[in-house]
Amino acid sequence: MIDQRAIVLDTWAGRRYYAVEVIGETPKKVRVRILTQGGVMLPGRRYLHCGEEVLVPKHAVVNLPAEQHKIEQGYYDGHVTGYGGVGDAR
């Protein structure tokens, strides 16, 4: 049985939800597989592609929100051209 949940990240743009699949648990962490097509940028500037596995704290994993429009489809960086951000002005 696939246990689909979401990772919650608080960013400068607000709270963001990224779809993940729970694979296993340790006493303090949860092993998840990233399901978001565009990948996820974790705190500490660690970027994970779709399908990669990672251990995250249990408090960061929640049930999927009822409003499906809140689930992010990919990593958003306001400084990447093409995502509505701005280019480097230097």
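Scroll up for the structure.
Below or above, wherever it landed, is the structure these notes cover. These numbers were taken from a predicted model, which means no experiment stands behind them.

### Things to note about the pairing of strand 6 (residues 53–57)
Logical step 1: Where burial is concerned, the two faces of strand 6 differ: the one with Val-54 and Val-56 is buried and the one with Glu-53, Leu-55 and Pro-57 is not.
Logical step 2: Of the strand pairs in this sheet, strand 3 (residues 29–34) and strand 6 are connected by five bridges, and their pairing is antiparallel. Across the sheet, residue Val-30 finds its bridge partner in strand 6, namely Val-56.

### Focus on the environment of Gln-4
Logical step 1: In this fold, Gln-4 is placed in strand 1 (residues 3–11).
Logical step 2: Judged by its relative accessible area of 45%, Gln-4 falls in the partly exposed class.
Logical step 3: Considering only alpha carbons, one finds Gln-4 and Val-62, 58 residues apart in sequence, at a separation of 9.5 Å.
Logical step 4: Setting aside residues up to four positions removed in sequence, Gln-4 forms contacts with Val-20, Leu-35 and Leu-64.

### Quick notes on the sheet that holds strand 2 (residues 14–25)
Logical step 1: One open sheet accounts for five strands, arranged 6-3-2-1-7; its pairing is antiparallel. The open sheet has two free edges, formed respectively by strand 6 and strand 7 (61–62), since each of these has just one partner strand.
Logical step 2: For strand 2 and strand 3, the ladder comprises five bridges, and the chain directions are antiparallel. Among the inter-strand pairings, Glu-25 is bridged to a residue of strand 3, identified as Val-30.

### Describing the environment of Val-40
Logical step 1: Positionally, Val-40 belongs in strand 4 (residues 40–42).
Logical step 2: Its relative accessible area of 0% is what places Val-40 among the buried residues.
Logical step 3: Along the chain, Val-40 and Ala-19 lie 21 residues apart, while their C-alpha atoms are 9.6 Å from each other.
Logical step 4: If near-sequence neighbours (up to four positions away) are discounted, Val-40 is found in contact with Leu-9, Tyr-18, Ile-34, Arg-46, Tyr-47 and Leu-48.

### Some words on the nonpolar core
Across soluble globular proteins, nonpolar side chains have a tendency to be buried as a group.
Logical step 1: Counting 14 residues, the largest nonpolar core has Ile-7 and Val-32 as its most contacted members.
Logical step 2: When residues of this core are traced back to their parent elements, those giving at least two are strand 1, strand 2, strand 3, strand 4 and strand 6.
Logical step 3: Setting aside residues up to four positions removed in sequence, Val-32 forms contacts with Ile-7, Val-20, Glu-21, Val-22, Ile-23, Glu-52, Glu-53, Val-54, Val-56 and Val-61.
Logical step 4: Ala-6, Val-8, Tyr-17 and Ala-19 belong to the second-largest nonpolar core, a separate cluster that totals five residues.

About the cut-offs
- Every chain begins its residue count from 1, and numbering advances along the sequence as written.
- For a predicted model such as this one, the threshold for reporting local features is a pLDDT of at least 70, and the threshold for listing and counting side-chain atom pairs is 80 or more; totals across whole chains, interfaces and linings nevertheless cover every residue.
- Hydrogen atoms and water are omitted, and side-chain values are computed over all heavy atoms in the structure.
- Residue burial is assigned from relative accessible area. The probe radius is 1.4 Å, only protein chains are included, and a residue is buried under 20% of its type maximum, exposed over 50%, and partly exposed in between.
- Secondary structure counts use DSSP, requiring at least four H or I residues in a row for a helix and at least two E residues in a row for a strand, with both numbered from the N terminus.
- Any two strands are treated as partners once DSSP identifies two or more bridges connecting them.
- Contact definition: two residues touch when any of their heavy atoms are within 4.5 Å.
- Remark: nonpolar core denotes a set of buried residues (Ala, Val, Leu, Ile, Met, Phe, Trp, Tyr, Cys) joined through side-chain atoms within 4.5 Å.

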